[in-house]
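A structural walkthrough
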Amino acid sequence: MTWMGICWLLYKMNVRARMQYRLNFVLMTLLASVVTVAEFLGLAVVLNAFGSIQGWDVWEVGYLYGVLMTAKFAYRAFGSGINNFEPYLVNGQLDQLLLRPMPLLLAVLTSRTRMVGGELLQSLAVLGVCIAQLMNRGQVGAWILPQTLFIIATGTVIMFAVGLATAAIGFWITRVEDLSVLTDNATTTACQYPLSLFPDWLRTLLLAVIPFGFISYVPAMHIVRGEWGGWTLPLTGAVAAAALAGALGLWRIGVARYQSTGT
């Protein structure tokens, strides 16, 4: 079998293990779905009260939210091990994976699976409703569909790259849970809103250091708002590729210096 075939087999095994207790699986899926919808409804209530935020109405902000959260859940579906990497370093779980006859990164990715079906469907539903509203009022055309699929894919890559870089820093500092909160949860929450709302230093952070601004805001300025040129899409793809290359390089350096925690 190829490495991809082995990864797919291990992924299916993890999914079956997660679904062994079916009632728990169903309840957790429904609860996660409700939480996802509640987040957007809270945002929609605020926008409904004020009408718009610096010219961004509820459907435009909903588009940002839908793209961002869809990319997030797509990343969480296969990158759960990377997203919660600290236990591998603290508890010595990484030593076990190093014994497997496969690349370490693939071993980490296939060692843990997070079921995000409910959250993913809800984020897609929010995105679909917002796109339909934008199309109905003539703000966008059918071309928004392939462009949205493209930025969801690049956004997933960017999130994976940031998560991988955060995990790789753990080879030096070991404890990365708090850092992960900054590079994942905090930045995701911030990027649910247009970056134009934030001060210059925060926009710089979300564009140049932790490039979550390229997941939805930068391409949306062209796709939805029509204010920036088509160069935003190639630039988004380039940022995703550069982020992934840099994260993989940092990961290789970190693995080379890894020392076991022992017993």
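Attention here is on the structure that accompanies the text. (Residues numbered from 1 in each chain as written. Predicted model: local features only at pLDDT ≥ 70, side-chain atom pairs only at ≥ 80, totals over all residues. Heavy atoms only, no water.)

Digging into helix α13 (residues 232-256)
So the rule is basically this: What counts as a helix is a DSSP run of H or I of at least four residues, what counts as a strand is a run of E of at least two, and both are numbered from the N terminus. How far a helix is expected to stretch is found by multiplying one less than its residue total by 1.5 Å. The cut-offs for exposure are 20% and 50% of the maximum accessible area for each residue type, with area from a 1.4 Å probe on protein chains only; residues under the lower value are buried, those over the upper are exposed, and the others partly exposed. Note on definitions: a residue-residue contact is assigned when non-hydrogen atoms from the two residues lie within 4.5 Å.
The end-to-end C-alpha distance of α13 is 36 Å, a good match for the 36 Å that 25 residues give at a rise of 1.5 Å each. Those residues of α13 not exposed but buried are T232, L233, T236, V239, A240, A247, G249, W251 and G254. Of the surrounding elements, those touching the buried residues of α13 are α4 (80-83), α7 (104-109), α9 (144-173) and α12 (217-223).

Quick word on the nonpolar core
Put simply, the rule reads: Only buried residues count toward a nonpolar core, which is a set of Ala, Val, Leu, Ile, Met, Phe, Trp, Tyr and Cys residues joined through side-chain atoms within 4.5 Å.
Counting 66 residues, the largest nonpolar core has Y63, I82, F85, L94, V108 and W251 as its most contacted members. In terms of residues, this core owes the most to one element, α9, which gives 12 residues. Apart from residues lying up to four places away in sequence, W251 is in contact with I82, F85, L104, L105, V108, L164, A167, A168 and F171.

Here's the deal with the packing of aromatic side chains
Where we set the bar: What counts as a ring pair is set by centres within 6.5 Å for rings of Phe, Tyr and Trp (its six-membered ring), and what kind of pair is set by the plane angle: stacked under 30 degrees, edge-to-face over 60, tilted for all other angles. Only when the NZ atom of a Lys or the CZ atom of an Arg is both within 6 Å of the ring centre and within 35 degrees of the ring normal do we say a charge sits over the ring.
Within the structure shown, the criterion is met by 11 aromatic pairs. Here a set of aromatic residues connected by ring pairs shows up, and it is made of F85, Y88, F171, W251 and Y258. The ring centre of W56 lies 4.6 Å from the NZ or CZ of R225, which sits over that ring.

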